[in-house]
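Spelled out from the first residue to the last, the chains are:
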Amino acid sequence: MKPLLPVSLGLVAIALSGCALMGPSYEPDTDYHLTILHTNDHHGRFWRNGDGEYGMAARKTLIDSIRAEVEAEGGSVLLLSGGDINTGVPESDLQNAEPDFLGMAMLEYDAMAVGNHEFDNPRDVLMQQADWAGFPFLSANIVYKDSGKTLFKPYEMFNVQGYKVAVVGFTTEDTVKIANPEYMTDLAFLTPVDVAADLIPELDAKSDLVVAVTHMGHYANGNYGGNAPGDVTLARSVSGIDVIVGGHSQNPLFEPDVQNGTLILQAYEWGKYVGRLDLTLRNGEIVDYTYDLIPVNLLDDNDQLMRAEIAEDPEMLAMLTPYQEAGGEALNIVLGSANGDFIGDRAVVRNEPTNLGVLIARAQRARTNADVGIMNSGGIRADLEGGDISYKDVLTVQPFGNMLGYVDFTGAELMNYLNAAAAMQAGSGAFAQFDGVELKIVAGSVVEATVGGAPIDPGKTYRLSVNSFMAAGGDGYPNITEHPNYVNSGFVDADMLADYIEQHSPLDIADFAPGMMVVRD
């Protein structure tokens, strides 16, 4: 790996590879300035939230001002995204993220890593999104099974004042589990480290700076748990990457994580921050860098702006407003109410049973007359707050538009499936939420299971309800779509939940206590 040079005044100098094949085209002994701006895990947040935080209009003002500042001083800017533009808020989801990609085009992004949520929609939608964007979608490890060719370009070369900058994309191999399997049947997701081991030396030889834009996740000290390996593992495993602009794990890095000579960056989520890495380049080396995560109108714990307010760009607002209005018209209808919060926060629902997991699984059971309902926690995207509940609230919780499916299992088959669900690791989107079954789980295995107060009978028939994502093998669940008793009900999951709320309101959160469902020893 490129050696770390001495630390001076808090600035780390990192040696860069020269262009071994063609030779450098920059002037020797001359300082060049490159600023890399980046965001990741946008998830449909093209509009500011109710507190005026983030939003693409304020982001445009910020990025335009940074560009003007850098260019006035003779520097250059690259604007990159760590992917996952899709899926998050109904105003975006119902319009296939058109406002988001058009907004990114106005922001003049230079390249984007392909995220797993780019496969939440059919392929023709993804290709339409690439057209709207007008900048390259990058992934070197997504290939067609039949030809081995990449779905999108593996990398893009940029000439920055004579410096050759290679920007290469990588996508988490977990995509095969956590995106919709129906839309990836012709694709293979190769292990990024394996692809990088062959590709990075090639790029290192013909460029002066190698930047990996990834959707793999930052896991401290490489401890990725039940997830696929992320950016730290990539940096430690492959020589020649100078900067990794990451996404997927949705955590903020307020300082670059320097691993094996590689600067790893991530800017949290939703455009809450814009990351700014200012590089000083001389004679094929990074001789200085500074880094900042710039909050976009974020409030602190005292509801005060963390930094000076950023005005919204009028041109961006004019483009986005019709989309916000069109998306919002049908979403504010009140469906019902609850006397408390249903918990779907990512940090909680992926680690323990919650009342929202029970609510969704129970609504699935009600629609399909099922004995047992199971919900993957990765399909639950937000809390469902107490008080009035609107259709918009429901779509925010369940934005993926999966169909509701069910299968009639023998008791023996059901036990096999419950064991597969119980083995799903806490902290991952696969973590199972249950209703209709009481389980005792020891070391990831089901040792006791009762349905309707009675032990599961291996020879009896039981109906299990799941969403179509899980049924097709998503999140690593057994693929049951070929089971002779499997039925796709045709009901959309969010509509099913909306109907249940409307029919059973007011909801009493005490009726959905998860502790009654699962015991984990």
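Scoring rules and cut-offs
- Residues numbered from 1 in each chain as written.
- Predicted model: local features only at pLDDT ≥ 70, side-chain atom pairs only at ≥ 80, totals over all residues.
- Heavy atoms only, no water.
- 1 Å grid on protein atoms, 1.4 Å probe; cavity = no way out; pocket = protein on both sides within 12 Å on 5 of 7 lines; lining within 4 Å.
- Points joined across faces, edges and corners; volume = space filled by probe spheres on them.
- Helix = DSSP H or I, 4+ residues; strand = E, 2+ residues; numbered from the N terminus.
- Nonpolar A, V, L, I, M, F, W, Y, C, P; charged D, E, K, R; others polar.
- Pairing = 2+ DSSP bridges.
- Axes fitted to C-alpha atoms, helices over the stretch in contact; angles between N-to-C directions.
- Contact = heavy atoms within 4.5 Å.
- Buried < 20%, exposed > 50% of the residue type's maximum accessible area, 1.4 Å probe, protein only.
- Right-handed = clockwise from strand over helix to strand, strands pointing away.
- Patch = residues over 30% accessible without salt bridge, like charges linked within 9 Å, V, L, I, M, F, W, Y side chains within 5 Å.
- Areas by Shrake-Rupley, 256 points an atom, 1.4 Å probe, with all protein chains shown as cover.
- Salt bridge = Lys/Arg side-chain N within 4 Å of Asp/Glu carboxyl O.
- Lys, Arg positive; Asp, Glu negative; His and termini not counted.
- Charge placed at Lys NZ, Arg CZ, Asp CG, Glu CD.
- Polar contact = N/O pair within 3.5 Å; in protein donor to acceptor, adjacent residues only side chain to side chain.

A. Molecular detail of the layout of surface pockets. Each pocket or cavity is described by its volume, and for the second largest pocket that value is around 410 Å³. For the second largest pocket, the lining is made up of 26 residues, of which N121, P399, F400, G401 and N402 are closest to its centre. Where the lining of the second largest pocket is concerned, the elements lending two or more residues are α2 (90-93), α11 (391-397) and α14 (493-504). Top element by residues in the lining of the second largest pocket is α2. It accounts for three residues. Class assignment for the residues of the lining of the second largest pocket results in 12 nonpolar, 10 polar and four charged.

B. Expanded view of the sheet that holds strand β19 (residues 403-410). If you trace the five strands from one edge of the open sheet to the other, you get β20-β17-β24-β19-β25, paired in mixed fashion. Two strands bound the open sheet, and with one partner strand each, they are β20 (432-435) and β25 (486-492). Across the sheet, the mean angle separating the axes of adjacent strands is 25 degrees when strand polarity is ignored. Pairing analysis gives four bridges linking strand β17 (residues 372-376) to β20, with the strands arranged antiparallel. Residue pairing in the sheet places G373 in a bridge with D435 of β20. Against the sheet, α14 engages β19 and β25, with an angle of about 70 degrees to β25.

C. Region of interest: helix α3 (residues 98-107). Of all the positions in α3, only P99, D100, F101, G103, M104 and L107 are classed as buried. Count one or two residues on from α3 and you reach E108, which has phi positive near 65 degrees.

D. Structural view of the environment of S468. Within the element layout of this structure, S468 appears in helix α13 (residues 468-471). Judged by relative accessible area, S468 falls into the buried class, the value being 5%. S468 sits 343 residues away from V125 along the chain, and the two C-alpha atoms are 19 Å apart. Discounting chain neighbours no more than four positions away, the residues touching S468 are E182, N402, M403 and Y486.

E. A look at the side chain of Q364. Among the structural elements, Q364 can be located in helix α10 (residues 355-368). Residue Q364 is classed as buried on the basis of its relative accessible area, which comes to 0%.

F. Expanded view of the environment of G115. Note on placement: G115 falls in the loop between β4 (111-113) and α4 (123-133). We classify G115 as buried; its relative accessible area is 0%. When residues no more than four places from it in sequence are discounted, the contact partners of G115 are G83, D84, T171 and H215.

G. Seen up close, the pairing of strand β10 (residues 209-215). In terms of burial, β10 is a largely internal element, seven of the seven residues being buried. Here β10 shows a buried face lined by L209, V211, V213 and H215 and a second buried face lined by V210, A212 and T214. After leaving β10, the chain enters helix α7 (residues 231-237) and then returns to the sheet as strand β11 (residues 243-245), a path that is right-handed.

H. Local environment of a negative patch on the surface. Negative charge collects at one region of the surface, where D341, D345, D383, E385 and D393 lie side by side. Position of D393 relative to the elements: it lies in helix α11.

I. Spatial organisation of the side chain of T87. Secondary-structure assignment places T87 in the loop between β3 (76-81) and α2. Using a relative accessible area of 7% as the deciding quantity, one classes T87 as buried. In terms of polar contacts, T87 uses its side chain to reach the side chain of D120, at 2.5 Å. Sequence-distant contacts of T87, that is, excluding residues within four places in its chain, are made with H43, D93, H117, D120, P399 and F400.

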